[in-house]
Amino acid sequence: MHGIKGISGKVAGFFRLSGELSRFAGRYFAEVWKPPFEIRELLHQCYSVGNRSFPLVGITGFIIGLVLTLQTRPTLQEFGAVSWIPSMVGISIVREIGPVIIALVCAGRVASGIGAELGSMRVTEQIDAMEVSGTNPFKFLVVTRITATTLMVPVLVIFGDVLALYGSFLIEHLKGNVSFQLYFNQVFNSLEFSDLIPDTVKTFFFGLAIGLVGCFKGYYCAKGTVGVGTAANTAVVAASMLIFILDFIAVLISDIFYEL
């Protein structure tokens, strides 16, 4: 009996949290179009989210390309299909591996940072002070951060994909003496315009999910230093789960359109 009550309580908590997050997202979409537009703060958040994430994203993308090529090359070599490596790696990285892994990296770095930052502001009552002074803290703190992640995560994914393909090229150049032009000709010949559109569009939703969850967890952080740590930790977990769910939905929709 106690086990059933515990499970039902967790299910009810999940739906309550989902409803609160949905309401938070609705408030964001209502506020984002209303003036004043905090352009300076938005640019600062774009710099914080984008520029400071470039090294981590670049290293991650580069290593993805190296490892994927090193792991698949021996198997394809057994079947005499080494020439298919550029096409295989290009499709894998651009369609699925690059967007998801880089979005997860951004969730680990950005969502936790936003959750901890807004959580500490909530704990130290800075957000309450902004409300008392007549400033709209939701507009200044939340809208700018969510918009920044929505805009910058696609840029980071493209940057990571490029470095991943370059890392793959280096392995092929060293092991198979493949020229730069030949390698990337095969990559671009294997990709279609219909591949790029869905995979680019879903990265905007990945960025939206990262910013939304990070801001939600931080903005409604519980009091105390433990609450700040919990907000940062749960922001990463929830953002990562949302990325997987959104990716599944994007793949499902893409398959439906391909069948049509």
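In this text, all values refer to a predicted model and were calculated from it rather than measured experimentally. Note on numbering: residues in each chain are counted from 1, in written sequence order. pLDDT decides what is reported in this predicted model: residues at 70 or higher carry local features, side-chain atom pairs at 80 or more are listed and counted, and totals for whole chains, interfaces and linings draw on all residues regardless. As a convention, hydrogens and water are excluded, and side-chain values are obtained from all of the structure's heavy atoms.

Phi at E125 takes a positive value of approximately 65°, unusual for a residue other than glycine. Within the secondary structure layout, E125 lies in the loop between α4 (85-123) and α5 (126-132). Overall, the relative accessible area of 48% leaves E125 in the partly exposed class. Backbone geometry at N177 places phi at a positive 55°, although glycine is not the residue there. By relative accessible area, N177 is classed as exposed at 64%. Under the scheme used here, helices are H or I runs from DSSP no shorter than 4 residues and strands are E runs no shorter than 2 residues, and both carry numbers assigned from the N terminus. Exposure classes here rest on a 1.4 Å probe applied to the protein chains alone. A residue is buried below 20% of its type maximum, exposed above 50%, and partly exposed in between.

What follows covers the nonpolar core. Where a protein is soluble and globular, its nonpolar side chains tend to be buried together. Here, nonpolar core refers to any group of buried Ala, Val, Leu, Ile, Met, Phe, Trp, Tyr and Cys residues whose side-chain atoms link them within 4.5 Å. With 41 residues, the main nonpolar core has F24, C106, V142, I146 and I210 as its most contacted residues. Mapped onto this core, the elements with two or more residues apiece are α1 (2-31), α2 (39-50), α4, α5, α6 (137-176), α8 (193-219) and α9 (225-259). Here the element with the most residues in this core is α6; it accounts for 10 residues. Whether two residues touch is decided by their heavy atoms; if any such pair falls within 4.5 Å, the residues are in contact. Look past the residues within four positions of C106 in its chain and what remains in contact with it is V57, A111, V153, L156 and I210.

Attention shifts here to the environment of L242. Assignment of secondary structure puts L242 in helix α9. Residue classification places L242 among the partly exposed positions, given a relative accessible area of 25%. Separated by 10 residues in sequence, L242 and L252 have C-alpha atoms that sit 15 Å apart. Not counting the four nearest positions on each side in its chain, L242 is found in contact with L21, A209 and V213.

Turning next to the confidence of the model for the protein. pLDDT gives the predictor's per-residue confidence on a scale running from 0 to 100. For the protein, per-residue confidence averages 86 on the pLDDT scale, and residues scoring 70 or more make up 95% of the total. For the protein, the element scoring lowest by mean pLDDT is α1, at 77; α6 scores highest, at 91.

This paragraph deals with the environment of H173. Structurally, H173 can be placed in helix α6. According to the relative accessible area criterion, H173 is partly exposed, its value standing at 35%. In the structure, H173 is positioned 10 residues away from Y183 in sequence and 8.7 Å away in space, judged by C-alpha atoms.

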